[in-house]
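Structural characterization, general
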Amino acid sequence: MTSSRETRVDEESCLRILRAIDIIGTRWTGPILLAGARGARRFKEYRAMVPGISDPQLTLRLKQLQERHLLERTVVPSTPVQITYTLTPEAEQLIASLQPLSRWTEQYFPHGD
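What comes next concerns the included structure. As the structure is a computational prediction, the values presented were derived from the model and not from experiment. (Residues numbered from 1 in each chain as written. Predicted model: local features only at pLDDT ≥ 70, side-chain atom pairs only at ≥ 80, totals over all residues. Heavy atoms only, no water.)

As a further point, take the pairing of strand β2 (residues 82–87). Judged from the six bridges that link them, strand β1 (residues 71–76) and β2 form a sheet pairing that is antiparallel. Looking at the pairing, T74 lines up with T84 of β2. A loop of five residues connects β1 with β2, the two strands running antiparallel in sequence. (Pairing = 2+ DSSP bridges. Helix = DSSP H or I, 4+ residues; strand = E, 2+ residues; numbered from the N terminus.)

Rendered as structure tokens:
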């Protein structure tokens with residue numbers, strides 16, 4: 001295992017990290033992805049699992065997450081039309097990659113310090 005002093009982070013790596021932070025740091029992204037991981041599929045389910053988000057804000061964030069290929073929107077032709085949102089494999093990988101960060105935060109900042 002290498003020490004932190006031996007770990008090299010080049011400029012491109014930093015830029016990739018900043019892009020990731022830009023995605024996950026956008027307000028409501030985390031709670032929406034978590035809701036999807038917990039089984040939300042329909043708009044009302046996301047709204048119920050993300051307290052405090054307004055309908056227009058949820059609509060906007062769902063669309064943005066689709067554009068970033070983190071959610072897949074499916075229109076089910078029925079009466080009335082049903083729209084479902086599911087996590088993409090990329091979103092599942094993102095969530096999995098954040099687990100070590102969550103553990104690190106719990107270890108060093110357990111009370112939101």
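On we go from here.
Our next topic: unusual backbone geometry. Note that the residue after T79, namely P80, is joined by a cis bond; omega there is -10°. As for its placement among the helices and strands, P80 is situated in the loop between β1 and β2. Even without being a glycine, W28 presents a positive backbone phi close to 80°. Position of W28 relative to the elements: it lies in the loop between α1 (11–24) and α2 (29–37).

Another aspect to go through is the environment of G39. Following the sequence through the fold, G39 ends up in the loop between α2 and α3 (43–49). Judged by relative accessible area, which is 37%, G39 ranks as partly exposed. (Buried < 20%, exposed > 50% of the residue type's maximum accessible area, 1.4 Å probe, protein only.)

Evaluation of the coordinates by the stated rule reveals three aromatic pairs. Measuring from ring centre to ring centre gives 6.2 Å for Y46 and Y85, while their planes differ by 90°; the resulting arrangement is edge-to-face. Pair noted here: Y46 is in helix α3 and Y85 is in strand β2, with a separation of 39 residues, a long-range link. Aromatic ring contacts, followed pair by pair, group W104, Y108 and F109 into a single cluster. (Phe/Tyr/Trp six-rings, centres within 6.5 Å; stacked < 30°, edge-to-face > 60°.)

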